[in-house]
Amino acid sequence: MLTIYNDRHALHQGRFEMFRGELVPCFEVPARADFVLRELQLRGLGAIEGPQELPAVAIARIHSQRYLDFLAGAWQEWVALDPANANRDALPSYWPIRSFRSDVLPASFSARMGLFSFDAGSPLTAGTWAAARAGAACAITAARKVLQGERAAFALTRPPGHHAGMDFFGGYCFLNNAALAAQALRDAGLERVAVLDVDYHHGNGTQSIFYQRADVFFASVHCDPHTEYPYFLGYADERGAGAGEGCNLNLPLARGSGFPRWRTALAQALRAIADFRADALVVSLGVDTFEGDPISGFGLRSADYLAIGEDIAAAGLPTVFVFEGGYAVAEVGINTVNVLEGFGQRA
Ligand code: OKP
Ligand code: ZN
């Protein structure tokens, strides 16, 4: 499997995230991608290349210009507030929820941090914009490689992307890499694209981006949002709206679910994708479904990820894998590369 690797990922290195009233060390650390890279090299799974140069407009196919302008200048604004901020990450504290206005763009940086985010767990750092932009380029490059005839390609990047919406960050995500890959496939002329999100958390950003569209099907297997982040989206009754009615499938599972139940849901998602008659598939590949994951609650074992790869390959579609979550750092490489290797065995 061809890998498109973001060698700028470590420029995004958050220190702390807000958790239960305390600032705790970030779970989403650079070592995650390092372990995946090392495992790919160890197993000799295929070529590893850098991303192609991207025109700025490529990211604007999914994200709003005012959000991108904000992200591009956010670190400079943060440091301008107080030079000591150069040694502190930026976290939001104020959000314009129901009854507030979201059409005004306040002059205050703190206000705009809240306008463009939905949690206090996603620190914005000096290198966030550079890392996220290079990651977006990886996802789009992986899509182009598949368009050029690769059976599959893997975008190995962080920060992850599936919680990021058209104009907001959150859940460690800033740019929605999977959505950018799907859009790149559409822009190249494929008529129907499916996004399969297997991360433990619901991909609220990806769902929102495509919710009203009939050309991109979104299917997700994740922990029930009644009890798990992101809490306010990812329920089974969200089936799409307008032209996109019927093009969204959420399969929430109870915390504690093991592989047999999870695999049955995957089969259901893949059947729906087949019924949609997708021309290509984008997989939001999170491996935080692992039993040893420190922030998650499913019970998948390392060998299960080989079977997941095989099941996905059996769909028979040109496939772009995009790296998302997985926080059991020592096992994240094994589990992720197991999916890719299982895919290759069946493809
Ligand atoms: C990102 B991805 C743990 C609380 C959870 C947000 C989780 C974001 C997951 N401190 N906070 O989907 O893996
Ligand atoms: Zn996750």
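Only a predicted model underlies this, so the values are computations on that prediction, with no experimental measurement involved.

Participant: If you had to explain helix α2 (residues 65-81) to someone new, which residues and values would you point to?
Facilitator: The end-to-end C-alpha distance of α2, which contains 17 residues, comes to 23 Å, matching closely the 24 Å that a straight helix rising 1.5 Å per residue would cover. At Ala74, α2 is bent by approximately 50°, the largest bend along its length. Tyr67, Leu68, Phe70, Leu71, Ala74, Trp75 and Trp78 are the residues of α2 that are buried. Next to the buried residues of α2 lie α3 (109-115) and α4 (128-147).

Participant: Can you break down the packing of aromatic side chains residue by residue, with the values?
Facilitator: The geometry of an aromatic ring pair comes down to the distance between the two centres and the angle between the two planes. Within the structure shown, the criterion is met by 15 aromatic pairs. Considering the side-chain rings of Tyr229 and Tyr231, the 6.2 Å spacing of their centres and the 75° angle between planes classify their relative orientation as edge-to-face. For Tyr229, a relative accessible area of 18% gives the class buried. Among the aromatic residues, ring-to-ring pairing joins Tyr67, Phe70, Trp78, Phe109 and Phe116 into one connected group. It is Arg38 that lies over the ring of Phe35; its NZ or CZ is 5.0 Å from the centre.

Participant: Explain empty space enclosed by the protein to me, and be specific about the residues and the numbers.
Facilitator: Empty space among the atoms can be located by rolling a probe the size of a water molecule over them. Under the definition given, this model contains two cavities of 30 Å³ or more. Considering the residues around the largest cavity, the lining is formed by His12, Gly14, Cys26, Glu28, Gly121, Ser122, Pro123 and Tyr172. Taken together, the residues of the lining of the largest cavity sort by class into three nonpolar, four polar and one charged. When its volume is computed, the second largest cavity comes out at roughly 30 Å³. Ala132, Gly135, Thr157, Pro159, Pro160, Phe174, Leu175 and Asn177 are the residues that line the second largest cavity. The class makeup of the residues in the lining of the second largest cavity is five nonpolar, three polar and no charged.

Participant: With reference to specific residues and values, describe the environment of Gly326.
Facilitator: Here Gly326 is to be found in the loop between β10 (319-323) and α9 (329-346). Exposure remark for Gly326: the relative accessible area of 0% places this residue in the buried category. Sequence separation between Gly326 and Asp215 is 111 residues, and the spatial gap between their C-alpha atoms is 29 Å. Beyond its immediate chain neighbours, meaning those up to four positions away, Gly326 contacts Arg32, Val287, Asp288, Asp293 and Val332.

Participant: Can you lay out the packing of helix α1 (residues 31-43) against α9 for me, pointing to particular residues and giving the numbers?
Facilitator: Direction vectors running N to C along α1 and α9 enclose 50°, while the axes themselves pass 8 Å from each other. Of the possible angle classes, the one that applies to α1 and α9 is oblique. Two packed elements cross with a definite hand, and for α1 against α9 that hand is right-handed. Contact with α1, carried on its side by Ala31, Arg32, Phe35, Val36, Glu39, Leu40 and Arg43, involves Val329, Ala330, Val332, Gly333, Ile334, Thr336, Val337, Asn338, Leu340 and Glu341 of α9 and no other residues of that element. Taken together, the residues of the contact of α1 with α9 break down into 10 nonpolar, three polar and four charged.

Participant: Explain the coordination of the zinc ion (ligand 2) residue by residue, including any values.
Facilitator: Looking at the zinc ion (ligand 2), the protein donor atoms are Asp199 (OD), Asp199 (OD), His201 (ND1) and Asp288 (OD), and they sit 1.9 to 2.8 Å from it. For the zinc ion (ligand 2), all donor residues lie on one chain, and their spacing in sequence is D-x1-H-x86-D. Of this pair, Asp199 sits in the loop between β6 (193-197) and α6 (204-210) while Asp288 sits in the loop between β9 (280-285) and α8 (304-313), and the two are 89 residues apart along the sequence. This pair shows no difference in class: Asp199 is buried, exactly as Asp288 is.

Participant: Which residues make up the nonpolar core, and what values do they have?
Facilitator: Core analysis: the biggest nonpolar cluster contains 52 residues, and Leu196, Trp262 and Phe321 have the highest contact counts within it. Here this core takes nine residues from helix α7 (residues 259-276), the largest share from any one element. For Phe321, the residues in contact, after removing those within four places along its chain, are Met1, Ala152, Ala153, Phe154, Ala155, Val283, Leu285, Ile312, Val339, Leu340 and Phe343. Among the nonpolar cores identified, the runner-up in size contains 51 residues, and Leu2, Phe109, Ala143 and Ala178 belong to it.

Reading guide: rules and limits
- Residues numbered from 1 in each chain as written.
- Chains lettered and ligands numbered in written order.
- Predicted model: local features only at pLDDT ≥ 70, side-chain atom pairs only at ≥ 80, totals over all residues.
- Heavy atoms only, no water.
- Helix = DSSP H or I, 4+ residues; strand = E, 2+ residues; numbered from the N terminus.
- Expected span 1.5 Å × (residues − 1).
- Bend = angle between axes of the 7 residues up to and from the residue.
- Buried < 20%, exposed > 50% of the residue type's maximum accessible area, 1.4 Å probe, protein only.
- Contact = heavy atoms within 4.5 Å.
- Phe/Tyr/Trp six-rings, centres within 6.5 Å; stacked < 30°, edge-to-face > 60°.
- Lys NZ or Arg CZ within 6 Å of the ring centre and 35° of its normal.
- 1 Å grid on protein atoms, 1.4 Å probe; cavity = no way out; pocket = protein on both sides within 12 Å on 5 of 7 lines; lining within 4 Å.
- Points joined across faces, edges and corners; volume = space filled by probe spheres on them.
- Nonpolar A, V, L, I, M, F, W, Y, C, P; charged D, E, K, R; others polar.
- Axes fitted to C-alpha atoms, helices over the stretch in contact; angles between N-to-C directions.
- Parallel < 35°, antiparallel > 145°, perpendicular 65-115°, else oblique.
- Left-handed = near helix turned anticlockwise from the far one by under 90°.
- Donors = N, O, S within 2.8 Å, 3.2 Å for Na, K, Ca; no water.
- Core = buried A, V, L, I, M, F, W, Y, C linked by side-chain atoms within 4.5 Å.

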